[in-house]
Amino acid sequence: MLVLTRKAGESLVIDGQITVSVLGVDGERIRLGIQAPPHILVLRQELVKEVQVENCRAARKQPIAMNGIVLSPLAPAGVQASKAGSVAS
Amino acid sequence: MHSSIPTVMERRSSRANRPRRVDFPEGLIGCESWRSFELRVEPEQPMISVLQCLDDPEACFLLVDPFNLIPDYRVRLTASDREFLRLGDVEEPAVFCTLTVNEDEGMITANLLGPLAINKRTGLGRQLVQSATDYSARHRVGSYVREVQDAGSDAQGG
């Protein structure tokens with residue numbers, strides 16, 4: 001791994017087309033600005049990891065009794081998971 | 001090239017129930033060797049499709065059309081995704097989410113964070129990451145009810 005030290009306001013250029021700038025540092029948090037051509041996908045790594053882990057969990061080795069599956073149309077997509085612990089009032 | 005003669009069962013089933021070849025040239029995320037698949041509608045559960053990996057017989061996915069379960073679900077396709085999937089200007093892909101069945105907890109979740117987009121014409125697919133949302137990879141969408149007769153139950157002596 002290439003390791004570089006940068007200060008706020010400094011940047012680096014990758015392959016002549018991607019610019020990563022350190023916009024600011026606030027305690028543990030570093031604000032980065034990324035300029036890249038539209039075909040370059042920039043993702044937070046933990047999201048990629050989550051999808052990867054879920055792919056492995058979802059891949060079935062054995063068939064399942066289809067009649068045991070009960071699907072229910074549910075609440076809006078953004079709400080549910082983050083409130084997993086709360087009980088409906 | 002001649003197509004094979006359909007069997008009695010194939011002739012009886014509707015066209016939609018026939019397996020459809022689907023290719024993910026990049027593989028699935030984190031599982032890059034899983035590239036070639038067969039997709040078929042599960043006759044017992046019309047809301048579920050089965051995606052069987054041809055590269056690994058032990059990798060089989062249950063898929064749902066998320067819009068059937070979560071009416072406000074939105075998928076964001078980038079220009080690069082559209083190009084990769086070779087979609088026409090007004091062409092929309094089929095979108096599926098994988099289901100994870102947790103048999104012990106009797107829970108079924110859908111991966112809304114990493115949906116699968118498939119070109120309906122060509123069967124070309126790509127797994128997306130919906131990074132600009134707070135969609136969960138484990139969004140609960142149902143229950144799994146194990147059959148009452150469980151062969152695994154042990155008797156406690158006597």
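Note that the structure is predicted; figures quoted are calculated from it, not measured.

## Side note on the overall build of chain B
In terms of regular secondary structure, chain B is built from 3 helices and 9 strands. Listing each helix as α and each strand as β along chain B from the N terminus yields α-β-β-β-β-α-α-β-β-β-β-β. By the burial criterion, 46% of the 158 residues in chain B qualify as buried. Partitioning the intrachain contacts of chain B with sequence separation of at least 6 by distance along the chain shows that 50% fall at a separation of at least 24. Carbon and sulfur atoms form 49% of the exposed surface of chain B, whose accessible area is close to 9,200 Å².

## Let's talk about the overall build of chain A
Looking only at helices and strands, chain A features 1 helix and 4 strands. Put simply, chain A runs from its N terminus to its C terminus through helices and strands in the order β-β-β-α-β. Scored against the burial criterion, the 89 residues of chain A give a buried share of 22%. Counting only contacts in chain A whose residues sit at least 6 apart along the sequence, the fraction spanning at least 24 positions is 0%. On chain A, roughly 6,800 Å² of surface is accessible, and the fraction owed to carbon and sulfur atoms is 56%.

## Some remarks on the interface of chain B and chain A
The interface of chain B with chain A comprises 52 residues on the first partner and 34 residues on the second. Roughly 3,700 Å² is buried in total at the junction of chain B and chain A, and carbon and sulfur atoms are behind 60% of that figure. Run the count over chain B and chain A and you get 2 salt bridges. Linking Glu-103 of chain B and Arg-60 of chain A is a salt bridge whose minimum nitrogen-to-oxygen distance equals 2.8 Å.

## Describing the sheet that holds strand E1 (residues 11–14) of chain A
All names here are of chain A. The antiparallel open sheet is built from 3 strands, whose spatial order is E1-E2-E3. In this open sheet, the two edge strands, each paired with only one partner strand, are E1 and strand E3 (29–35). In this sheet, adjacent strand axes meet at a mean angle of 25 degrees when their direction is disregarded. As paired elements, E1 and strand E2 (residues 18–26) share 4 bridges and run antiparallel to each other. If you follow Val-13 over to E2, its bridge partner there is Thr-19.

## Quick word on the nonpolar core
Counting 21 residues, the largest nonpolar core has Ile-69 and Leu-71 of chain A together with Leu-62, Leu-99, Ile-108 and Val-141 of chain B as its most contacted members. Secondary structure elements with two or more residues in this core: strand E4 (69–71) of chain A together with strand E3 (48–53), strand E4 (60–64), strand E5 (94–102), strand E6 (107–110) and strand E9 (139–144) of chain B. Formed by 18 residues, the second largest nonpolar core is a distinct cluster that contains Ala-59 of chain A together with Phe-24, Leu-51 and Leu-116 of chain B.

## Some points on the pairing of E6 of chain B
A regular strand places its side chains on the two faces of the sheet in alternate fashion. Residue and element names in this part refer to chain B. Across 4 bridges, E5 lies against E6 in antiparallel orientation. From the neighbouring strand, Asn-102 faces E6, where its bridge partner is Met-107. In textbook terms, the turn of a hairpin is the stretch between consecutive antiparallel strands, and for E5 and E6 this stretch comprises 4 residues, one of which, Gly-106, has a positive phi near 65 degrees. Where E6 and E9 come together, 4 bridges link them in antiparallel fashion. Looking at E9, one finds that Thr-109 is bridged to Arg-140.

## Some details on the environment of Gly-88 of chain B
All names here are of chain B. As for its position among the elements, Gly-88 is in the loop between helix H3 (79–84) and E5. Gly-88 sits 58 residues away from Gly-30 along the chain, and the two C-alpha atoms are 28 Å apart. Once residues lying within four places of it in the same chain are set aside, the contact partners of Gly-88 are Arg-82 and Arg-121.

## Here's the deal with unusual backbone geometry
Within the chain, Asp-15 of chain A stands out as a residue other than glycine whose phi angle is a positive 55 degrees. With respect to the helices, strands and loops of the structure, Asp-15 of chain A is situated in the loop between E1 and E2. Taking the relative accessible area as the measure of exposure, Asp-15 of chain A reaches 65% and is therefore exposed. Not every positive phi belongs to a glycine, and Arg-86 of chain B is a case in point at roughly 55 degrees. With respect to the helices and strands, the residue Arg-86 of chain B is situated in the loop between H3 and E5. Here Arg-86 of chain B falls in the exposed class, since its relative accessible area comes to 61%.

What counts and what doesn't
Residues numbered from 1 in each chain as written. Chains lettered and ligands numbered in written order. Predicted model: local features only at pLDDT ≥ 70, side-chain atom pairs only at ≥ 80, totals over all residues. Heavy atoms only, no water. Helix = DSSP H or I, 4+ residues; strand = E, 2+ residues; numbered from the N terminus. Buried < 20%, exposed > 50% of the residue type's maximum accessible area, 1.4 Å probe, protein only. Contact = heavy atoms within 4.5 Å. Areas by Shrake-Rupley, 256 points an atom, 1.4 Å probe, with all protein chains shown as cover. Buried area = accessible area lost by both parts, 1.4 Å probe. Salt bridge = Lys/Arg side-chain N within 4 Å of Asp/Glu carboxyl O. Pairing = 2+ DSSP bridges. Axes fitted to C-alpha atoms, helices over the stretch in contact; angles between N-to-C directions. Core = buried A, V, L, I, M, F, W, Y, C linked by side-chain atoms within 4.5 Å.

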